[in-house]
Amino acid sequence: MEDVRQRQLHQASEPVSNSEPLKTDSILIVGAGIFGLSTALELNKRGYTKSFYPSGFVLMADKNADSTYVMKSKATSEKLGDYRGDITDASNGLAAYFNPLGGWADAQSAVCFLAQECSQRGISFITGPRRRATSLRIRPRDKRVVGVNVAEGEPIFATQIILATGAWSGQLLPISHASSASGQFVGFIQLTPKEAESLRGMPVIMNFSTGVFVFPPYPGSNLLKVAHHRFGVANQVAVDNGSRLGSSPKLAENNAEAGYLPEDADRHLRDSLKQLVPQFGDRPWWRRRMCWYSDTPDGDFIAYFHPDLQGLFIATGGSANAFKFTLVLGRYIADCFENKASDECRNKCRLKAPDGKVGMPKQGDRSRGGQPWRLLLPHEQAKL
């Protein structure tokens, strides 16, 4: 162990330029979500598949107020040849279209598959309290990141650090101007096998005007999932010994365990459930939780070396879209890491500098509807 420790310290002390990562560098990827796993797999040896259910997809919106995005989406489907007619509901004033080639993907099984592939290729995982990075280890003389401090045990050192920490990134680095965490609301309804069977043929349905969508019952568990895709809520936490504030999920605990949603969020999900799947609109929640996005103002991902800290590469800013790019995301991140990406790609994925504006207006791909962004109140934050 001592030889390994000395080798880590030696490697961490070598002055390697951000522009020239070496194949022999030790690489520490902080974060094991889609960004981290796909990057690890691609850097190790690039490729893979995922679990997809072609249930079809219905997108609807209020006819007069919010149908622009729906109509643009419909036009794209027509161009691709996978569009099948208007669906209108005159009584409720809704405009909608159905894409039979749409559906949903099983994120859990895809992430597990990625992790298994990484493990089989010899990529090491650090679990337990030592997996939780609490701060960056920065060498003062040249502002080089040489590792991370962790919740328990000695720091973990490496020559190159890739920060793929999603919504938690703001706790490790002051980048709230470029990527900030937003909480989205999710509820689950437990159905009986017979009830689930009655919905087996349903498509994914989303009301753009409310921002709420519902999935068909999950095979095997018969859970009906209702979720919100909008600008979300912010949770203000103090970081860097209280020297700055940022939006982030809790660092030390399971963020799904509390099962708390603000009252207005619960009411909004419930009302939308009654609209989309009315026969189960009054069924009690089996479980509720907050899902955390890592949002960027324009919806572009970040895959860029930090301009001031040597040895630190940032891969984050999924903006609720990263999972759709699982098959290719690692390739683009690895190309940016190795400085092989095109100028266009590098410019799109750059870590943008602060512009002095207060807050972070998010436009993204303009696929978000429903309630506007807001900061959770102190009593709401205390219940997360």
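Residues numbered from 1 in each chain as written. Predicted model: local features only at pLDDT ≥ 70, side-chain atom pairs only at ≥ 80, totals over all residues. Heavy atoms only, no water.

- The name that an unreviewed UniProt entry assigns to the chain is FAD dependent oxidoreductase-domain-containing protein, with the source organism given as Aspergillus sergii.
- The Cofactor (unreviewed entry) comment attached to the chain in UniProt states, word for word, "FAD".
- The chain has a UniProt comment under Sequence similarities (unreviewed entry) that states "Belongs to the MSOX/MTOX family." (UniProt positions renumbered as here; feature names shortened; annotations may be inferred.)

1. Looking at the nonpolar core
- In this structure, Val 214, Leu 224, Val 277 and Met 290 are the most contacted members of the largest nonpolar core, which totals 32 residues.
- Those elements that place two or more of their residues in this core are β3 (57-62), β5 (94-99), β11 (180-190), β13 (212-214), β14 (223-228), α7 (263-276) and β18 (287-295).
- Here this core takes four residues from α7, the largest share from any one element.
- Setting aside anything within four residues of it in sequence, one finds Met 290 in contact with Gly 183, Gln 184, Phe 185, Val 233, Leu 261, Pro 262, Leu 376 and Leu 384. (Core = buried A, V, L, I, M, F, W, Y, C linked by side-chain atoms within 4.5 Å. Buried < 20%, exposed > 50% of the residue type's maximum accessible area, 1.4 Å probe, protein only. Helix = DSSP H or I, 4+ residues; strand = E, 2+ residues; numbered from the N terminus. Contact = heavy atoms within 4.5 Å.)

2. Concerning the sheet that holds strand β19 (residues 302-305)
- If you trace the four strands from one edge of the open sheet to the other, you get β1-β10-β20-β19, paired in mixed fashion. On the outer flanks of this sheet lie β1 (27-30) and β19, each paired with one strand and no other. Across the sheet, the mean angle separating the axes of adjacent strands is 15 degrees when strand polarity is ignored.
- Sheet topology places strand β10 (residues 160-163) next to strand β20 (residues 312-316); three bridges connect them, and they run parallel. Opposite Leu 163, over in β20, you have Ile 314 as the bridge partner. (Pairing = 2+ DSSP bridges. Axes fitted to C-alpha atoms, helices over the stretch in contact; angles between N-to-C directions.)

3. Details of the environment of Ile 314
- Following the sequence through the fold, Ile 314 ends up in strand β20.
- Separated by 13 residues in the primary sequence, Ile 314 and Phe 301 have C-alpha atoms spaced 10.0 Å apart.
- Contacts of Ile 314, omitting those with residues within four sequence positions, involve Leu 163, Leu 173, Ile 302, Ala 303, Tyr 304, His 306 and Leu 351.

4. Let's talk about the confidence of the model for the chain
- Looking at the chain as a whole, the pLDDT averages 82, with 84% of positions reaching at least 70.
- Averaged over each element, pLDDT in the chain is lowest for helix α1 (residues 2-13) (37) and highest for β19 (96). (pLDDT = per-residue confidence, 0-100.)

5. Comments concerning the pairing of β5
- Of all six residues in β5, six are buried, a share of seventy percent or more.
- On β5, burial covers both faces: Leu 94, Ala 96 and Phe 98 on one face and Ala 95, Tyr 97 and Asn 99 on the other are all buried.
- Direction of pairing for β3 relative to β5: antiparallel, over a ladder of six bridges. If you follow Ala 61 over to β5, its bridge partner there is Ala 95.

6. Notes on the pairing of β14
- With respect to burial, β14 is a largely interior element, five of its six residues being buried.
- Where β11 meets β14, five bridges bridge the pair, whose relative direction is antiparallel. Paired with Gln 190 across the two strands is Leu 223, which belongs to β14.
- Pairing between β13 and β14: three bridges, direction antiparallel. What sits directly across from Val 214, in β14, is Val 226.

7. Thoughts on the side chain of Gln 171
- Along the chain, Gln 171 falls in helix α5 (residues 169-172).
- A relative accessible area of 13% means that Gln 171 is categorised as buried.
- Of the polar contacts made by the side chain of Gln 171, one reaches the side chain of Ser 248; its length is 3.1 Å.
- Only 3.1 Å separates the side chain of Gln 171 from the backbone oxygen of Pro 249, close enough to count as a polar contact.
- In this view, Gln 171 contacts Val 237, Val 239, Arg 244, Ser 248, Pro 249, Lys 250 and Leu 251; residues no more than four positions away in its chain are not counted. (Polar contact = N/O pair within 3.5 Å; in protein donor to acceptor, adjacent residues only side chain to side chain.)

8. Remarks on the sheet that holds strand β8 (residues 144-150)
- In space, the three strands of this open sheet follow the order β7-β8-β9, with antiparallel pairing throughout. Single-partner strands in this sheet number two, and they are β7 (133-139) and β9 (156-157).
- Of the strand pairs in this sheet, β8 and β9 are connected by two bridges, and their pairing is antiparallel. Looking at the pairing, Gly 147 lines up with Phe 157 of β9.

9. Some points on the environment of Pro 284
- The topology assignment puts Pro 284 in the loop between α7 and β18.
- Separated by 94 residues in sequence, Pro 284 and Gln 190 place their C-alpha atoms 8.4 Å apart.

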